[in-house]
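These are the residues of each chain, in order.
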Amino acid sequence: MTVLFADVVHSMDIAAAVGAERLREIMTELVERAAAVVQRWGGTVDKFTGDGIMAVFGGPIALEDHATRACVAALGLQDEVKRLAFEVQERDGVNLQLCVGLNSGQVVAGEIGSRSLGYTTIGEQVGMAQRMESVAPPGGVMLSVSTARLVERHAVLSAPEMLHIKGSDQPVAGRRLVGAPERDRRVAEAPSTLVGRRWEMAAIEGLRERAINSRGAVVTVAGSPGIGKSRLVREVTALATTQGVDVFTGYCQSHTSDIPFYAVARLLRAATGVEGLDGQAARDRVRDRVPDANPEDVLLLEDLLGIADPEVALPKIDPDARRRRLTKLVNAASLARQAPAIYVIEDAHWIDEVSESMLADFLTVIPQTPALVLITYRPEYSGALSRVPGAHSIALAPLSGPETAALVSQLLGPNPSVGELAHKITERAAGNPFFAEEIVRELAERGVLSGQRGAYMSVAGIGDFSVPATLQATIAARIDRLDPAAKRTLSAAAIIGSRFRLDLLKTIGIEPDLNNLLRGQFLDQITFTRNPDYVFHHPLIRTVAYEAQLRSDRAELHRRLAAAIESRDPAAVEKNAALIAEHLEAAGDLHAAYGWHMRAAVWAANRDVAAARLSWERAVRIADSLPAEDPNRAAMRIGPSTMLCATAYRVHERVAGDRFEELRTLCTAAGDKASLAIAMAGLVIDHVYQARMREASQLASEAMALIESIGDPTLTVGLSFAAIRAKAMTAEWPDMLRWSQKVIDLAEGDRSKGNFIVGSPLAFALTTRAMVRYGLGRPGWRDDLQQALAMARSVDPYSYVTVVAYTYLPGILGGVLRPDDSAMRDIEDALQIAERSGDDLALSAARMTLGAALVHRHSEAERDQGHKLLAEVSEVFLRRGHNQPEVPIVDVYAARERARRGDRDGAIPFMRAAGDHLFREGLLQMWGIPATGVLVETLLDRSADADVAEAEAAIERLTAAPAEEGLVMRDIWLLRLRALLAQAHGDAATYAHFRDRYRDMAKTLGFEGHIAWAEAMP
Ligand SMILES: Nc1ncnc2c1ncn2[C@@H]1O[C@H](COP(=O)(O)OP(=O)(O)O)[C@@H](O)[C@H]1O
Ligand SMILES: [Mg+2]
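Predicted model only: the values in this text are computed from it and were never measured.

Conventions we followed
Residues numbered from 1 in each chain as written. Chains lettered and ligands numbered in written order. Predicted model: local features only at pLDDT ≥ 70, side-chain atom pairs only at ≥ 80, totals over all residues. Heavy atoms only, no water. Helix = DSSP H or I, 4+ residues; strand = E, 2+ residues; numbered from the N terminus. Buried < 20%, exposed > 50% of the residue type's maximum accessible area, 1.4 Å probe, protein only. Contact = heavy atoms within 4.5 Å. Areas by Shrake-Rupley, 256 points an atom, 1.4 Å probe, with all protein chains shown as cover. Lys, Arg positive; Asp, Glu negative; His and termini not counted. Charge placed at Lys NZ, Arg CZ, Asp CG, Glu CD. Near = heavy atom within 4 Å. Polar contact = N/O pair within 3.5 Å; in protein donor to acceptor, adjacent residues only side chain to side chain. Nonpolar A, V, L, I, M, F, W, Y, C, P; charged D, E, K, R; others polar. Phe/Tyr/Trp six-rings, centres within 6.5 Å; stacked < 30°, edge-to-face > 60°. Salt bridge = Lys/Arg side-chain N within 4 Å of Asp/Glu carboxyl O. Arc of directions from axis to C-beta. Pairing = 2+ DSSP bridges. Axes fitted to C-alpha atoms, helices over the stretch in contact; angles between N-to-C directions. Parallel < 35°, antiparallel > 145°, perpendicular 65-115°, else oblique. Left-handed = near helix turned anticlockwise from the far one by under 90°. pLDDT = per-residue confidence, 0-100.

(A) Expanded view of the overall build of the protein chain. A tally of regular secondary structure across the protein chain gives 43 helices and 18 strands. When the backbone C-alpha atoms are referred to their principal axes, the protein chain occupies close to 125 × 65 × 60 Å. The buried share of the protein chain, reckoned over its 1018 residues, is 58%. For the protein chain, the share of sequence-separated contacts (at least 6 apart) that also reach a separation of at least 24 residues comes to 70%. In the structure as shown, the protein chain presents an accessible area of about 41,400 Å², 52% of it carried by carbon and sulfur atoms. When the 113 basic and 132 acidic side-chain charges of the protein chain are each reduced to a single mean position, those positions are 1 Å apart.

As structure tokens, then:
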């Protein structure tokens, strides 16, 4: 229990100045306001002492956090008095000030629950509170040692002082309360005793206990609004806090569900303890938290938290790599944390997509940490956080009839006059505790109930009034009854969001009138600074307050808010672009909103591709909705649509259908060939990734024709790589050669020309020209490859990874190159680069290349590692749905390793399926060549009944497949395979004939892989 004692400074002087009559008036006002504050924080005013007040926290209802509440109330009280003092100063010219003292102590058992605690029973506690009051500075709050001890973990206190108390020689220790920083919302609520939920509490407590030994758990709590999700979480966290467990909470809000990073940033800000710190201090705190992290990674984290130094540039890396690095950093920090913690994600049904997927990644390590994660959401949510593997889910059902009745009787109190009413409320509330609370509030405000919470009387007969039918209607009725100033304040707050700060209300032209809103628990105050934060007591109140407004009023507030957000923090404008766009869209300022969506996309494009796409989507939607006669409409539709098509392959999204066709029509009408070409390039890559090879090839030709018709060299150089890539997969060698050559010519040696999609189109074209050259047995390929590798290394990470993959994957599998030490070094470099700064596609390419190289190495360990890599890569391709054309060849080499370890029977079906697939798709001339090779070798190794015949058929199929004239890549493999076939037939002469021709050809062509394989043949 904590006792609060407050007293007016120099009340005798005030009495002398204004007269006893007026003093009584002032005191009455003061006491009334004070009582409201005390009550709001769950305390009871116990006594008016003539010129002061005594209140008790934790008396009638046992509160585990009585000291915190008393502190918060004491600060609130001082605020309130300051407001009153202002009026008194104006009118009476006197200075009204209050001293407050607090003291905490045990209450004698049996006293709890009695409505009035006499001086005699708790005299000692009161005495100390009074003494603290007597030494508190005017306007200040003094805590006794016992209170200070209870709140020092989360309140701001002065250093302990030794205080001399009038009439006593013994000094006593005390500490001044300077501020009560943000606490979670539970403090903000006059508490009722928890009703029911025993099973749920026990289940979560059980998991929390288990979590202590690094066996953490994720618990989801689903239920409809007001059913008690947050309350359950609060009960758990309150208990944990008393045991010294840290609790970190991230709230999702309805108006931020399209603001990328919003929720994850909030949670991480809480967890890193940077909330409320300014730039440099915040950054120092973060560095403290992750002392060993790579400095670049720390910059990424600071950017995510929104505390980055505006002077320091963000590292230039792909959003995918950024994501990987952040995940690694955060997960390492969670794993390193020894102390138990609880992380809460509230209202996940409003989470933004980026936060959702990032958090899902962070949750994967929770089972190995001493942490408990609690996620609340409404039943309609079915996103990633509702499907966390291994999570425990709790579906919160309505309270039972008796439970609801118990809650209602707690709210109403024991007076017999409310008995009948209690039935009616219980029935209507239907097990929703928030509904029950709101009905009681509504009835009290309407005057049907009089008295106060827990002690109501009913003055009306039961037939004389009605109870609103739904929770929303109840809230609406309460809002309706507010006076205009309070209503206006609530409306404006609802526009800002669930949580808002005082000054923002003022900035948008509202003279805040908060008292009634706080008293009626529409809002709760959660910080106690000069510019305090408030939250809506419940999200539904915000929703109802938002929807109750006239559309035009709402629009005006949204517009002002957008302007306020833009002007208040110029350094963060780009970061806030999505939010500004959101408000402008709600305001109906479509052109302005469009512009901000496009800006938001630019900001996001460096951070998260999906987030950028979301902004482009929103921009397209706005453009679509503009009237047809708007002169900018066409251009506004083309811009974001182009970007959506161009980046679709990054998120593996099918855009082949309507969006692209629509864009084509738009571009054609507007004569905008360049946009169409850019979109087409993206679509070609998407086709390739999805293994729609015929579409890819056809569109690639069309794209090249279009690009040629534009005749812009830079555009040609920059966009050709997509088409070349498609033609490489379909083994259309002449097209590939022609376009590679064109890029090489137009680039004129400039390694960065046309670098708007890949860093060095020239390096890429050299690689693909080399592929054609060796495939068709033409000279110059070795030089091309060397030049390309050297060039790409000096340009950008992505180019290097691409060139390495295009050099070594087909090179080694085709037998042109050998995975010697220098090749391995190149590939390992590429992998490292991809990991640190490349997108997921580049990373997959590098891993695939390394895997393929390793299974061609000699040591068992390397081959094992290669096998593992290939299996992983194949799984990723299938799961994420990209690199589909590579899936068969990756599977073939994984199967080859399986066969080598003895499981030929298990491996052959995979090889056979891959070969059949490539044949059906008409793709035998690229990956089909080595795939056939591996199948034939493995069949002949096994040499069971039908194997030799099957091998022969496979060779014939490859021979007969239509191919380019002079495709030596195929011819050399056929020689090898025919030799092996002859050997299987026991035909020594034919074997020797083919073997020798094979050896000669390998040497003539300089194909190092084949040279080695040929030499190994007996
Ligand atoms: N089991 C319960 N016993 C007593 N009061 C409850 C209980 N569950 C919820 N409440 C009260 O009902 C109101 C709404 O609960 P809340 O947890 O905010 O709902 P939700 O988060 O599910 O929307 C709060 O004031 C809360 O204190
Ligand atoms: Mg809630």
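Anyway, onward from the coordinates.
(B) Focus on the site of ligand 1. Taken together, 20 residues lie around ligand 1, and G226, K229, R231, E437 and H538 are the ones closest in. Between E437 and ligand 1, the recorded distance is 2.7 Å, taken from a side-chain N or O atom to an oxygen atom. In this structure, H538 approaches ligand 1 through a side-chain N or O atom, which is 2.6 Å from an oxygen atom. Isolated, ligand 1 exposes 550 Å² of accessible area, and the fraction of that covered by the protein chains is 97%. Looking at the shell around ligand 1, the elements with two or more residues in it are α7 (229-242) and α15 (433-446). For the shell around ligand 1, the element with the most residues is α7, which contributes 4 residues. In the shell around ligand 1, the residues fall into 7 nonpolar, 7 polar and 6 charged.

(C) Quick look at the packing of aromatic side chains. Applying the stated criterion to the full structure yields 12 aromatic pairs. Ring geometry for F261 versus W603: centroids 6.1 Å apart, planes at 85°, classification edge-to-face. On the criterion of sequence distance, the pair formed by F261 in the loop between β10 (246-251) and α8 (262-272) and W603 in helix α23 (residues 590-605) is long-range, its members being 342 residues apart. Taking relative accessible area as the criterion, F261 reaches 6% and is therefore assigned buried.

(D) Structural context of the pattern of salt bridges. Applying the stated rule across the entire model yields 71 salt bridges. Between R863 and E897 there is a salt bridge, with the nearest N and O atoms lying 3.3 Å from each other. In this pair, R863 is assigned in helix α36 (residues 860-880) and E897 in helix α37 (residues 887-900), connecting sequence segments 34 residues apart. E897 carries the same exposure label as R863, and that label is buried. The residue R957 makes a salt bridge to D916 at a minimum N-O spacing of 2.9 Å. Linking R957 in helix α40 (residues 947-960) with D916 in helix α38 (residues 904-920), this pair joins segments that are 41 residues apart in sequence. Owing to a relative accessible area of 21%, R957 belongs among the partly exposed residues under this scheme. Each member of the salt-bridge network shares a partner with another, and the members are E29, R33, E80, R83 and E87.

(E) Spatial organisation of helix α16 (residues 471-480). Among all positions of α16, only L471, T474, I475, R478 and I479 are buried. Projected down its long axis, α16 shows its buried positions confined to an angular sector of 135°, all on one face.

(F) Broad picture of the sheet that holds strand β16 (residues 499-501). Taken together, 3 strands build an open sheet; the order of strands is β16-β18-β17 and the sheet is antiparallel. A strand with exactly one partner marks an edge of an open sheet, and here the two such strands are β16 and β17 (523-525). Sheet twist, expressed as the mean angle between neighbouring strand axes with direction ignored, is 30°. The pairing of β16 with strand β18 (residues 533-536) spans 3 bridges and is antiparallel. For R501, the partnering residue across the bridge sits in β18 and is D533.

(G) Structural detail: the packing of α37 against α38. Interaxial distance between α37 and α38 falls to 8 Å at its minimum, and their mutual angle equals 160°. Classified by the angle between their axes, α37 and α38 sit roughly antiparallel to one another. Considering only the axes of α37 and α38, their crossing is left-handed. Between α37, through P888, V892, A895, R896, R898 and A899, and α38, the contact on the second element is made entirely by R904, G906, A907, F910, M911, A914, H917 and L918. Looking at the contact of α37 with α38 residue by residue, the class counts come to 9 nonpolar, 2 polar and 3 charged.

(H) Geometry of the confidence of the model for the protein chain. Confidence in the prediction of the protein chain, expressed as mean pLDDT, is 89, and 95% of residues score 70 or more. When pLDDT is averaged over each helix and strand of the protein chain, the minimum, 74, is found for strand β2 (residues 43-48) and the maximum, 97, for helix α42 (residues 988-1005). Taken as a whole, residues 109-120 scores under 50 in pLDDT and shows 18 contacts with residues more than four places along the chain or in a different chain.

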